[in-house]
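Reading the structure
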Amino acid sequence: SITGLFQPEGEVDVTFTATGTFQTGNIFTAQLSDGSGSFASPTSIGTLNGTTAGTIEATLPASVANGSGY
């Protein structure tokens, strides 16, 4: 999870931990919930090819609406 104020088309670094063993070619994906916090239809905002914890350099979509429930 990330906190702060962000702008549509703004960049955000999503730092994550990884538990377990991941194979070469694994892709981690950062996803954005809707404005009420639901991940029923998430929006992918960035990816990172890797096998360990890292930081995904993500970009918020231009269509993201104002809100605090993401």
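Everything that follows concerns the structure shown earlier in this document.
In this report, the structure presented in the accompanying data block is examined. (Residues numbered from 1 in each chain as written. Predicted model: local features only at pLDDT ≥ 70, side-chain atom pairs only at ≥ 80, totals over all residues. Heavy atoms only, no water.)

Comments concerning the overall build of the chain
Along the backbone of the chain there are 0 helices and 4 strands. For the chain, the α and β elements follow one another from N to C terminus as β-β-β-β. The C-alpha extent of the chain, read off along each of the three principal axes, is 35 × 25 × 20 Å. When burial is assessed residue by residue, the chain has 23% of its 70 residues classed as buried. Expressed as a percentage of contacts within the chain between residues at least 6 apart in sequence, the contacts between residues at least 24 apart total 55%. With an accessible surface of roughly 5000 Å², the chain has 47% of that area assigned to carbon and sulfur atoms. (Helix = DSSP H or I, 4+ residues; strand = E, 2+ residues; numbered from the N terminus. Buried < 20%, exposed > 50% of the residue type's maximum accessible area, 1.4 Å probe, protein only. Contact = heavy atoms within 4.5 Å. Areas by Shrake-Rupley, 256 points an atom, 1.4 Å probe, with all protein chains shown as cover.)

Examining the environment of Phe-39
Tracing the backbone shows Phe-39 in the loop between β2 (27-32) and β3 (43-49). Placed 31 residues apart in sequence, Phe-39 and Tyr-70 show a C-alpha to C-alpha distance of 9.4 Å. Other than its neighbours up to four places away in sequence, Phe-39 contacts Gln-31, Leu-32 and Ser-33.

Examining the side chain of Ser-33
Mapped onto the secondary structure, Ser-33 falls in the loop between β2 and β3. What makes Ser-33 buried here is its relative accessible area of 4%. For Ser-33, the contacting residues outside a window of four places in its chain are Ser-38, Phe-39, Gly-69 and Tyr-70.

Quick look at the nonpolar core
By size, the foremost hydrophobic cluster in this structure holds 11 residues: Val-12, Val-14, Phe-16, Phe-28, Ala-30, Leu-32, Ile-45, Ile-56, Ala-58, Leu-60 and Val-64. Discounting residues that sit within four places of it in the chain, Ile-56 has contacts with Val-12, Asp-13, Val-14, Phe-16, Phe-28, Thr-29, Ala-30, Gly-46, Thr-47 and Leu-48. (Core = buried A, V, L, I, M, F, W, Y, C linked by side-chain atoms within 4.5 Å.)

Looking at the pairing of strand β4 (residues 54-59)
The alternating pattern of β4 places Gly-54, Ile-56 and Ala-58 on a buried face, while none of Thr-55, Glu-57 and Thr-59, on the opposite face, is buried. Of the strand pairs in this sheet, strand β1 (residues 11-16) and β4 are connected by 6 bridges, and their pairing is antiparallel. Each residue of the ladder has a partner; that of Asp-13, found in β4, is Glu-57. (Pairing = 2+ DSSP bridges.)

A short note on the environment of Gly-46
One can find Gly-46 in strand β3. Overall, the relative accessible area of 13% leaves Gly-46 in the buried class. Separated by 18 residues in the primary sequence, Gly-46 and Phe-28 have C-alpha atoms spaced 8.5 Å apart. Excluding residues within four positions of it along the chain, Gly-46 makes contact with Phe-28, Thr-29, Ala-30, Ile-56 and Ala-58.

By themselves, these are just geometric observations and shouldn't be taken as functional.
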